[in-house]
Amino acid sequence: MLKDITLGQYFPGKSPIHLLDPRCKLILLVVYIVALFTASSWISYGLLLICLLTVIKISTIPPKSIVKGMKPLVMILVFTGVLNLFFTTGEGEPVIDFWIITIYAEGIVRAVFMVARILMLITCTFLLTYTTSPIALTDGLEALMSPLKKIKVPVHELSMMMCIALRFIPTLIEETDKIMNAQKARGADFESGSIMDRARALIPILVPLFISAFRRADELATAMECRCYQGGEGRTKMKLLRYTLWDFRAFAIGALILAATFVLASFGL
């Protein structure tokens, strides 16, 4: 299960999605999320799904990697779908009315929409990390948040912390998997017993994991100090961010998709 978590991984490539400016991809991600929360019909969700599948095809990211990353979220998706299915009331006759179970057609539609929204939201977030290196993502975040420097917000430090955290997710997952395998080899059982027994069985994993995480953080801080890292003040960049024609075309496509979603929502479609 741990190996299925692919958040934070980067797949190098030369696709048009990879070559887009990181600022452009961050802005388009926000635009797509706004469009998702604006959509309210099958047509709107179908349009956004087609756009997402097209981006996946252009990015050359293996679909199985995206599906693999969804596996740890199955329980969340099921829980969300069940909540919307059973707790949404409708105006007409219920589709199913048995004992304490009452399901309306509106509940089924709402559950499908909610699960689809979460899936597409997570997929577009995965695509951002899959096609953008941590360094480029740091530069893009810092550039977009640069106006906050005027009110003394440590933009560079915040961007650096966010991207370091994102970068170390795969590392910590790999470390956790190694510790679990080592504990299993010593006879540890993580899958049987009550919830409290399983929680107590995780203690031998959490303690060495925290020690390893703190050790890696200390080594990273020492390495940064040895390279005379003093924050973002006065720093220069080896690769300057510049918008290209492809970025402006991507902005135009994103604006059209968002406008189409708003128009469809205004007509109830």
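The structure reproduced in this document is the subject of the present report. (Residues numbered from 1 in each chain as written. Predicted model: local features only at pLDDT ≥ 70, side-chain atom pairs only at ≥ 80, totals over all residues. Heavy atoms only, no water.)

## Re the packing of helix α2 (residues 22-38) against helix α7 (residues 134-144)
- Put simply, α2 and α7 touch, their axes get as near as 8 Å, and they point 70° apart. Judged by the inter-axis angle, α2 sits roughly perpendicular to α7. Where α2 crosses over α7, the two elements pack in a sense that is right-handed. Taking contact as the criterion, the partners of Pro22, Arg23, Leu26 and Ile27 in α2 are, on α7, Ala136, Leu137, Gly140, Leu141, Ala143 and Leu144.
- Across the contact of α2 with α7, the residue classes break down as eight nonpolar, one polar and one charged. (Axes fitted to C-alpha atoms, helices over the stretch in contact; angles between N-to-C directions. Helix = DSSP H or I, 4+ residues; strand = E, 2+ residues; numbered from the N terminus. Parallel < 35°, antiparallel > 145°, perpendicular 65-115°, else oblique. Left-handed = near helix turned anticlockwise from the far one by under 90°. Contact = heavy atoms within 4.5 Å. Nonpolar A, V, L, I, M, F, W, Y, C, P; charged D, E, K, R; others polar.)

## Considerations on the pattern of salt bridges
- Applying the stated rule across the entire model yields three salt bridges.
- Two residues, glutamate 142 and lysine 149, come together in a salt bridge whose shortest N-O distance is 3.9 Å.
- The class for glutamate 142 is buried, based on a relative accessible area of 7%.
- Where arginine 216 meets glutamate 175, a salt bridge forms, and the shortest distance between an N and an O atom there is 3.2 Å. With arginine 216 in helix α10 (residues 203-226) and glutamate 175 in helix α8 (residues 155-185), this pair connects stretches of sequence that are 41 residues apart.
- The class for arginine 216 is partly exposed, based on a relative accessible area of 28%. (Salt bridge = Lys/Arg side-chain N within 4 Å of Asp/Glu carboxyl O. Buried < 20%, exposed > 50% of the residue type's maximum accessible area, 1.4 Å probe, protein only.)

## A few points about the nonpolar core
- One finds Tyr32, Leu48, Leu52, Ile66 and Met120 to be the most contacted residues of the largest nonpolar core, which totals 29 residues.
- At the level of elements, α2, α3 (42-59), α4 (63-70), α6 (105-131), α7 and α11 (245-266) are the ones that each hand at least two residues to this core.
- For this core, the leading source of residues is α6, giving nine residues.
- Contacts of tyrosine 32, omitting those with residues within four sequence positions, involve Leu48, Leu49, Leu52, Met120 and Cys124.
- Core analysis: the next-biggest nonpolar cluster, separate from the first, contains five residues, Leu20, Cys24, Leu28 and Ala250 among them. (Core = buried A, V, L, I, M, F, W, Y, C linked by side-chain atoms within 4.5 Å.)

## Side note on the packing of aromatic side chains
- With the rule as written, the count across this model stands at seven aromatic pairs.
- Between phenylalanine 11 and tyrosine 130 the ring centres are 4.9 Å apart and the planes differ by 85°, which places this aromatic pair in the edge-to-face class. Of this pair, phenylalanine 11 sits in the segment before α1 (16-19) while tyrosine 130 sits in helix α6, and the two are 119 residues apart along the sequence.
- The interplanar angle of 65° and the centroid separation of 4.8 Å between the aromatic rings of tryptophan 42 and phenylalanine 113 together place this pair among those described as edge-to-face. One end of the pair, tryptophan 42, is in helix α3; the other, phenylalanine 113, is in helix α6, with 71 residues separating them in the sequence.
- A relative accessible area of 13% places phenylalanine 113 in the buried class.
- An aromatic cluster is built from Phe11, Phe126 and Tyr130, whose rings are joined through pairwise contacts.
- Its guanidinium or amino end placed over the ring of tyrosine 243, arginine 23 lies 4.1 Å from that ring's centre, counting from NZ or CZ. (Phe/Tyr/Trp six-rings, centres within 6.5 Å; stacked < 30°, edge-to-face > 60°. Lys NZ or Arg CZ within 6 Å of the ring centre and 35° of its normal.)

Keep in mind these values describe shape, not function.
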